[in-house]
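Close look at the chain arrangement
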Amino acid sequence: MNYFIQLIVSGIVLGSIYALIALGFVLIYKATRVLNFAQGELLMAGAYIAFALTVQLHIPFWSAFFIAMLLCALLGLIIEILILKPLIGEPIISIVMITIGLSIVLKAIVEMIWGTETRVYPAIFSTQPIALGAISVSKSSLFSLVAAITLFIIFHLFFKFSSTGIAMRAVADDQQAAQSMGINIKKIFAISWMVAALVAGIGGILIGNMNGINVSLGMFGLKVFPAVILGGLDSIPGAIIGGITIGVLESLSGGYLDPLVGGGVKMVAPFAILLVILLIKPYGLFGTEEIEKV
Amino acid sequence: MLKIKNIEVVYDDVILVLRGMSIEAKKGSITVLLGSNGAGKSTTLKAISGLLKSEEGKITDGDILFENRSLKNRNPEEIVSAGIFQVMEGRRIFGTLTTEENLKVAGYCRKYGKKILKNKIEKIYEYFPHLKERREIRAGYLSGGEQQMLAIGRALISEPKMILLDEPSLGLAPLLVKELFEIIERINRIDKITILLVEQNADIALSIGNYGYIMENGKVVLEGSCAKLRENEDVKEFYLGISAEGKKSFKNVKHYRRRKRWL
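Residues numbered from 1 in each chain as written. Chains lettered and ligands numbered in written order. Predicted model: local features only at pLDDT ≥ 70, side-chain atom pairs only at ≥ 80, totals over all residues. Heavy atoms only, no water.

Topic: the overall build of chain B
Applied cut-off: Each helix is a run of DSSP H or I of at least 4 residues and each strand a run of E of at least 2, with the numbering of both proceeding from the N terminus. We call a residue buried when its accessible area falls under 20% of the maximum for its residue type, exposed when it is over 50%, and partly exposed in between, using a 1.4 Å probe and counting protein chains only. Here, two residues are considered to be in contact whenever any of their heavy atoms come within 4.5 Å of each other. Accessible surface is estimated by sampling points in the Shrake-Rupley manner with a 1.4 Å probe; for residues, cover comes only from the protein chains shown. Neither His nor the chain termini are counted; the positive set is Lys and Arg, and the negative set is Asp and Glu. Note on charges: their place is set at NZ of Lys, CZ of Arg, CG of Asp or CD of Glu.
Helix and strand content of chain B: 10 helices and 12 strands. Put simply, chain B has 263 residues, and 54% of those count as buried. For chain B, contacts bridging at least 24 residues in sequence account for 66% of all contacts bridging at least 6. Carbon and sulfur atoms make up 50% of the accessible area of chain B, which totals about 12600 Å². Distance between charge centres in chain B, computed from 45 positive and 35 negative side chains, equals 2 Å.

Set out below in structure tokens:
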């Protein structure tokens, strides 16, 4: 039983990071209807930016964390201005292909600068795990969980109450009508990319803090895909629940099924579940049902 | 206040929709724009509000002057801040946002403070008490009439000098249409907002309007005061459904139509 709870807890921690990355996908998709395949690479870029700041420039972790957040947002903005703005009005499929190209470019740049070996952050938390009853959690995991939850609350409040947040939802709902209200949709697109790059960067730092970083971090983008689809592409609560579900499933299948077949189930399980759920609910668990008046 | 001078609008670089279209809307008036389907009424409104761009349309000739400043091919957000607000055809409310959020979004471009925005929204609720009861409901679940009220409410939030209304009566019950036009008249009279109205319901539009234009094939073919237009034999025949021998019965479908004199 303890083993089970332990798996669930580590699943939730992993899942909360998935949820963060999923949030980035959802933000961009909601505002611009573009599926950003470079989300995983944005995460990787964030992780390496934080690495450069802490290890190479010797900036203390917490300041580095916030500077990295700003730089990630800036990176998102630059990508939006240089690559996506000229494509406004082009078919969505071309833009999606561009994001795949972008992911390759980002990965190549990171490899050029930092090489391919795994790097680690300086330890900021003691490795001594915290005992919560019968189970134990590492401090960095706990930090990740708390950081993720804090961000979700901030985003929830942002979209519910801030005028920019509401305007972003309006643009997601009906672009042309939003324009007719005098909303500058280009600005909204830019903000979406900035925020998406920011959350991806934070996700990257959290993962790097637990497992170290290397270029395969970009793969997280793909792994989070089932979480995004599961929750419904345009739902923020869906991204959170989808992310945590996938994290827990991965952890459980890793713990129980991998020893039986000799490993690997962990990687496949989320996709298998994804298939089943999409068969039953094609819009995902929380995708918006279109409200239509006849 | 608003002058459209001989504009030419082209979609997709090839499709010529408006050719030599000119109208004028005087300050404080209700100007009515009538015409059959595809005449270019909505295109005219979108040319003014700048929404043409999002449909690959462009003004290729002529000019649009608002308070003597050119609005030609400007971005929609610039035109909204200049004081022109378009209420689009089919209401186009944000279905996934609540009623109140719809109103808040409309104030976004004005950058009101929290308190001012709240007062403005309260004022809209005074106009449309129905909306107040439904403030927390997703706007997609509102009835057609309520959605139209919301669409007009959104226009009023930004305190425009001029509102462009594109077929507000579309899909509404006759009783609601009557109520709606009373509201439009009130907005014009009390809030002193100039209105440019595109309507299919010619009868009611001409009854509240001051001056009217009739469009066909991308240009104006007839204009005059609304009272005068109502007396015009062609308008009676083709827009009001009244012919020289009195009200027409739809039983005689195969009637011989009089030739339009303006062609």
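Text resumes after the structure shown.
Description of the pattern of salt bridges
How we decide: Here, a salt bridge means any Lys or Arg side-chain nitrogen found within 4 Å of an Asp or Glu carboxyl oxygen.
A complete count under the given rule lists 16 salt bridges over all chains for this structure. Linking A:Lys223 and A:Glu250 is a salt bridge whose minimum nitrogen-to-oxygen distance equals 3.1 Å. In this pair, A:Lys223 sits in helix 9 (residues 219-231) while A:Glu250 sits in helix 10 (residues 236-256), placing the two residues 27 residues apart along the sequence. Each member of the pair, A:Lys223 as well as A:Glu250, is classed as buried. Two residues, B:Glu122 and B:Lys132, come together in a salt bridge whose shortest N-O distance is 3.2 Å. Taken together, the positions of B:Glu122 in helix 4 (residues 114-127) and B:Lys132 in helix 5 (residues 129-133) put the pair 10 residues apart, joining distant regions of the chain. Each of B:Glu100, B:Glu122, B:Lys132 and B:Arg135 takes part in salt bridges that share partners, so that together they form one network.

Concerning the pairing of strand 8 (residues 194-198) of chain B
Residue and element names in this part refer to chain B. Which entries qualify depends on this criterion: Pairing between two strands requires that DSSP report at least two bridges joining them. A crossover counts as right-handed when, viewed with the strands pointing away from the observer, the path leading from the first strand over the helix to the second turns clockwise.
Burial analysis of strand 8 places five of its five residues in the buried class, which makes it a mostly covered element. Residues Thr194, Leu196 and Val198 point to one face of strand 8 and Ile195 and Leu197 to the other, with burial holding for every one of them. Bridge count for strand 3 (residues 30-35) against strand 8 is four bridges, and the pairing is parallel. Pairing of leucine 33 across the sheet is with valine 198, part of strand 8. Alignment of strand 7 (residues 162-166) against strand 8, held across five bridges, turns out to be parallel. Bridging from a neighbouring strand, isoleucine 163 pairs with isoleucine 195 of strand 8. Running through helix 7 (residues 174-190), the crossover from strand 7 to the neighbouring parallel element strand 8 is right-handed.

Structural notes on the side chain of A:Gln39
Residues and elements named next belong to chain A. Heads up, the condition is: We call two N or O atoms a polar contact when they sit within 3.5 Å, provided that within protein one can donate a hydrogen and the other can accept it, with sequence-adjacent residues counted only if both atoms are side-chain atoms.
On the secondary structure map, glutamine 39 appears in helix 2 (residues 39-56). Within polar-contact distance, the side chain of glutamine 39 engages the side chain of asparagine 36 at 2.8 Å. At 3.2 Å, the side chain of glutamine 39 forms a polar contact with the backbone oxygen of alanine 196. If near-sequence neighbours (up to four positions away) are discounted, glutamine 39 is found in contact with Ile21, Gly24, Phe25, Ile28, Ala196 and Ala200.

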